[in-house]
Each structure stands twice: as C-alpha cells, then as structure tokens.
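Residue-level listing of the chains:
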Amino acid sequence: MRNDDRITRCRPSLLAAVALALAAAAAPRTAPAQVTFDVIGPHEYDLPVGYEPWNVFVQYVTVQDNDKAFDGSGDRFKLDPGSRAITGLSKWVHFFTVDSLPNVGMGFEVIQPEVNVRTDATSTVRANTNSGFGDTMIGYAVWYKPTPGTTLGLQTFVQMPIGSNEVSDTNWKNLTSAFWYVPFGDGRWGWTGDFGFVVQSPRDDGLHPGVTVHTNNRVGFKATDLLEPFVAVDYERTGKGSVRGGGETPSSHALDLGAGVLFHLHPKHSLALRYSRSTEGENHGSNDSMNVKYVYVF
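Note that the structure is predicted; figures quoted are calculated from it, not measured.

A.B. asks: Provide a residue-level description of the environment of N217, including the pertinent values.
C.D. replies: When you line up the elements, N217 lands in strand 10 (residues 212-221). Accessibility expressed as a relative area gives 16% for N217, which makes it buried. Sequence separation of N217 and Y235 is 18 residues, and the distance between their C-alpha atoms is 9.0 Å. Residues contacting N217, with those up to four places away along its chain left out, are W180, W191, T192, G193, V231, A232, V233 and D234. Of the polar contacts made by the side chain of N217, one reaches the side chain of T215; its length is 3.2 Å.

Here it is in structure tokens:
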C-alpha cells in the first residue's frame, strides 16, 4: 500500500479557505493539508455600516509543504511522493448598502484561486508540475453591528467547476458561514472568527465528499500603530463520503495552530504574515505553511 493511500481520496473544499482545497486541487491522491477558510487574517470581519459604496482587493498566498499526512489512527506519516504548493486566492469585494437598511452592510465577492504544485521525484515517480486557475467562487455577505465595535454577519459562496483541467475539483460547492469580530480589553485586542459548513456535489470521478464543518479564529493585539501580533486556530471535520457504485470514504478532521503579525501599513493597505502547522488530525493532510495576506482598499 502506498503511503498516500492511507488517507481518504476525499478533498474537502477550497478556501479558503477557504478556501481551502488549494492543496487538494493538485494532490488528487491525498486529502488537503489546509483547513477551509484558513486564509483569513485579523480584522477580516471588522466591517462598517452606513457607508458609501467602496471596493477591496485582497491577495492571499500560501506556500505549503505537502510531505506529511495523518492516517486513520491519527498518526502522522510521510507522503511518498510529497509535493510543494504555491497557491493563491485573488478576491474582489464590492461593499454597498441599501436605503431601506442603512445599518446593515452588504458585500458581493468574486474569488479566483491560482494553483501551482510540484510533485517530488522518487525512484519510481517522476517530478511533475500541475498549475492553473482553480474553480471560481462568487458570494454574498451581510452583517450588522450589535455594538459600535462588534460585527456579526453571514456569508455564502458558490464554487463553480470551471477551473483548469489540471486543478479543478470538477464539482459544485456551497460554503456558508456565520462570522464575527469582537474587540475586548481596552480595544487593542480583537477576536475575528467564523463557523460554517461546506456542501459538495459528486465529482467527475464518482466521489461524493461528505459535509465539512469548520471554524477559524484569530486573536490579535495591536501593540503599536504599525504592528499587531496574532495567534490562529483553525479546525475542520468532514463526514463520510460515498463512491459511485458503492462504498464510502472515511471521515476526517484536522486542528491547525499558527502565529503571525499584521502590519497596518496605511489606512488603505495592510499586510499579514502567518505560519501555520497541524497539531493533530485523522485521514487529513498535515498543514505546514507560510501564509501572506495583502489588502488594498479603493
């Protein structure tokens, strides 16, 4: 049995997070390493209400070492072959309000994944590279502020199987989640988080992935006007999937911990750097990644 056959062939969704299935898109024989929507940063959901229309461009980049995974017993093992992935999400958001709901914020989003994965060479496997545009996501978000500094909202995305043949997951997905931002202490601390699920249609290869439940959390402390160190906790669990013609894939889960720094460069620009690593899991890829998030407001 090959090492990578010890984990499910089921790939939970992208996103990124997110959203996620960046690693999955180019590693079809292994489960994805990263957790859905783990691309988010501090203040991701620190959103206003009562504004004129505006736009945001966000570029997420992840450099992932896909060389280990968790088996069904929760033991970490080395993949043969492993791979190295550079993946991105380019997101455009248009924020707007309607006159009848002045205290409710709204946003329309388009997210385009980009994937490049190089498989390691071994004595029996030749190195190869898969790259291209992943499956495009479109979505909508709505939120309000129960207190002046707090945000509570809901977002939903549809991911369409229109990406490049080498990296498309070949199925439809719906990613829906509640999200929040809560300042505390003297206001220099902030908790950004979400909790949601991913539902997928059957893939072209006959696999119907199970439902994924995920949560992503960032707690930051604004030490100076420029620097905001933060910690990250990401978790997901995917139920059993089914295979055309009978059979099922096992359930899976993973817990990732990370730390990083958000640089408040300018009112219209920010940059976040984060390292993330899986601490435990089952039938899931092991995350070992550097993550970058750049924001431009216009």
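Additional details are given in the paragraphs that follow.
A.B. asks: Tell me about the confidence of the model for the protein chain, and name the residues and values.
C.D. replies: With 88% of its residues at a pLDDT of 70 or more, the protein chain shows a mean pLDDT of 90. Below pLDDT 50 for its whole length, residues 1-30 participates in 133 contacts with residues either more than four positions away or in separate chains.

A.B. asks: Which residues make up the side chain of Q34, and what are the values?
C.D. replies: Relative to the helices and strands, Q34 is located in the loop between helix 1 (22-25) and strand 1 (54-70). In terms of polar contacts, Q34 uses its side chain to reach the side chain of N291, at 3.5 Å.

A.B. asks: Which residues make up the pairing of strand 3 (residues 101-119), and what values go with them?
C.D. replies: A regular strand places its side chains on the two faces of the sheet in alternate fashion. Relative to strand 3, strand 2 (residues 76-98) runs antiparallel, the two sharing 15 bridges. In the strand pairing of strand 3, I86 is matched with N116. As paired elements, strand 3 and strand 5 (residues 137-144) share 8 bridges and run antiparallel to each other. From the neighbouring strand, I111 faces strand 5, where its bridge partner is M137. Pairing of strand 3 with strand 4 (residues 128-133), which is carried by 6 bridges, proceeds in the antiparallel orientation. The residue of strand 4 that forms the bridge with T119 is N128.

A.B. asks: I'd love a proper account of the nonpolar core, names of residues and values included.
C.D. replies: In this structure, F95, W143, F157, L175 and F179 are the most contacted members of the largest nonpolar core, which totals 22 residues. Those elements that provide at least two residues to this core are strand 1, strand 2, strand 5 and strand 7 (173-184). Residue contacts for F157: discarding those within four places in its chain leaves F37, E109, I111, M137, I138, G139, K173, N174 and L175.

Thresholds, definitions, all that
- Residues numbered from 1 in each chain as written.
- Predicted model: local features only at pLDDT ≥ 70, side-chain atom pairs only at ≥ 80, totals over all residues.
- Heavy atoms only, no water.
- Helix = DSSP H or I, 4+ residues; strand = E, 2+ residues; numbered from the N terminus.
- Buried < 20%, exposed > 50% of the residue type's maximum accessible area, 1.4 Å probe, protein only.
- Contact = heavy atoms within 4.5 Å.
- Polar contact = N/O pair within 3.5 Å; in protein donor to acceptor, adjacent residues only side chain to side chain.
- pLDDT = per-residue confidence, 0-100.
- Pairing = 2+ DSSP bridges.
- Core = buried A, V, L, I, M, F, W, Y, C linked by side-chain atoms within 4.5 Å.

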